[in-house]
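# Geometric and topological summary
One-letter residues, chain by chain:
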Protein chains: 2
Amino acid sequence: MARISAKSDNTGALEQLGASIRARRKLQKLSQEALADSAQIDRAHMGKIERGERNVTFLNIVRIAAALGCRTSDILLDADL
Amino acid sequence: MARISAKSDNTGALEQLGASIRARRKLQKLSQEALADSAQIDRAHMGKIERGERNVTFLNIVRIAAALGCRTSDILLDADL
């Protein structure tokens, strides 16, 4: 199965989502590594998610929101999506 | 890469998301096939998304929301996520 990357994202939605995750993480003074571990996501993958370089799955967004202590919809609302 | 299915979803989030998509589609009197075609998603895959049987990618949720004429966050808010 071909990996869908940011190349398929004509709208910039992945970058907006990643920036929203990064902003919430920094507000909580969490390192990217700590957030990745808490969300049980590979550290390198978390970096790509924050940079909008990977088409993140819904369950990973749910896990990231849980690790950030917010609702999944909050991340999207922050991102204006 | 192993496919992450509903088996990995301990929270029921995929089912909630799928039900929210289905409810908005029915409100618009769209068939599942019409929504799939409009969102450029395989028809069989759309059925699995609506039933919460597949870990949908973020860009597919964005495409579905665009096809439904709503914001991506609206789908999550409907789903209480």
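Computed from a predicted structure; not experimentally measured. (Residues numbered from 1 in each chain as written. Chains lettered and ligands numbered in written order. Predicted model: local features only at pLDDT ≥ 70, side-chain atom pairs only at ≥ 80, totals over all residues. Heavy atoms only, no water.)

Take the overall build of chain A next. Check the secondary structure of chain A and you find 5 helices and 0 strands. Helices (α) and strands (β) of chain A occur, in sequence order from the N terminus, as α-α-α-α-α. Within chain A, the proportion of its 81 residues that are buried is 48%. Within chain A, contacts between residues separated by at least 24 positions form 58% of all contacts whose residues are at least 6 apart in sequence. Only carbon and sulfur atoms are counted for the fraction: they give 47% of the accessible area of chain A, which is about 4100 Å². (Helix = DSSP H or I, 4+ residues; strand = E, 2+ residues; numbered from the N terminus. Buried < 20%, exposed > 50% of the residue type's maximum accessible area, 1.4 Å probe, protein only. Contact = heavy atoms within 4.5 Å. Areas by Shrake-Rupley, 256 points an atom, 1.4 Å probe, with all protein chains shown as cover.)

All names here are of chain A. Most of helix 4 (residues 58-68) is tucked away: 9 of the 11 residues are buried. Among all positions of helix 4, only Phe58, Leu59, Asn60, Ile61, Val62, Ile64, Ala65, Ala67 and Leu68 are buried. Phi for Gly69, located one or two positions after helix 4, is positive at around 70 degrees.

Here we come to the environment of Gln16(A). Residues and elements named next belong to chain A. Summarising the element assignment, Gln16 is placed in helix 1 (residues 13-27). Residue class for Gln16 comes out partly exposed when judged on its relative accessible area of 30%. Remark: the alpha-carbon pair of Gln16 and Asn55, spanning 39 residues in sequence, is separated by 12 Å.

Glancing now at the confidence of the model for chain A. Residues at a pLDDT of 70 or more form 89% of chain A, whose mean pLDDT is 91. Two summary scores accompany this predicted model of the complex, namely pTM at 0.89 and ipTM at 0.88. (pLDDT = per-residue confidence, 0-100.)

Side chains carrying opposite charge are able to pair once their charged atoms draw close together. This structure, assessed with the given rule, holds 12 salt bridges over all chains. For the salt bridge of Arg25(B) with Glu50(B), the shortest nitrogen-to-oxygen distance reads 2.6 Å. With Arg25(B) in helix 1 (residues 13-27) and Glu50(B) in helix 3 (residues 43-50), this pair connects stretches of sequence that are 25 residues apart. A relative accessible area of 4% places Glu50(B) in the buried class. By sharing partners, the salt bridges in this structure join Arg22(A), Arg25(A) and Glu50(A) into a single network. (Salt bridge = Lys/Arg side-chain N within 4 Å of Asp/Glu carboxyl O.)

Residue and element names in this part refer to chain A. Tracing the backbone through its elements, the reader meets Gly18 in helix 1. Overall, Gly18 belongs to the buried group, its relative accessible area being 0%. When the C-alpha atoms of Gly18 and Ile61 are compared, they prove to be 10 Å apart, with 43 residues separating the residues in sequence. Sequence-distant contacts of Gly18, defined by excluding residues within four places in its chain, comprise Ile49 and Glu50.

Moving on: the packing of helix 2 (residues 32-39) of chain A against helix 4 of chain A. All names here are of chain A. The interhelical angle for the contact between helix 2 and helix 4, taken along N-to-C directions, is 115 degrees, at an axis separation of 8 Å. The angle between helix 2 and helix 4 places the two elements in the roughly perpendicular class. Between helix 2 and helix 4 lies a crossing of right-handed hand. Mapping the contact onto sequence places Leu35, Ser38 and Ala39 in helix 2 and Arg63, Ile64, Ala67 and Leu68 in helix 4. Each residue belonging to the contact of helix 2 with helix 4 can be placed in one class, and the counts come to 5 nonpolar, 1 polar and 1 charged. (Axes fitted to C-alpha atoms, helices over the stretch in contact; angles between N-to-C directions. Parallel < 35°, antiparallel > 145°, perpendicular 65-115°, else oblique. Left-handed = near helix turned anticlockwise from the far one by under 90°. Nonpolar A, V, L, I, M, F, W, Y, C, P; charged D, E, K, R; others polar.)

Counting 48 residues, the largest nonpolar core has Leu17(A), Phe58(A), Ile64(A), Leu17(B), Phe58(B) and Ile64(B) as its most contacted members. Aside from chain neighbours lying at most four places away, what touches Ile64(A) is Ile21(A), Leu35(A), Ala39(A), Ile41(A), Met46(A), Ile49(A) and Ile75(A). (Core = buried A, V, L, I, M, F, W, Y, C linked by side-chain atoms within 4.5 Å.)

Take the side chain of Gln32(A) next. Relative to the elements of secondary structure, Gln32(A) occurs in helix 2. The contacts of Gln32(A), once residues within four sequence positions are left out, are Arg22(A), Arg25(A), Arg43(A), Met46(A), Gly47(A) and Glu50(A).

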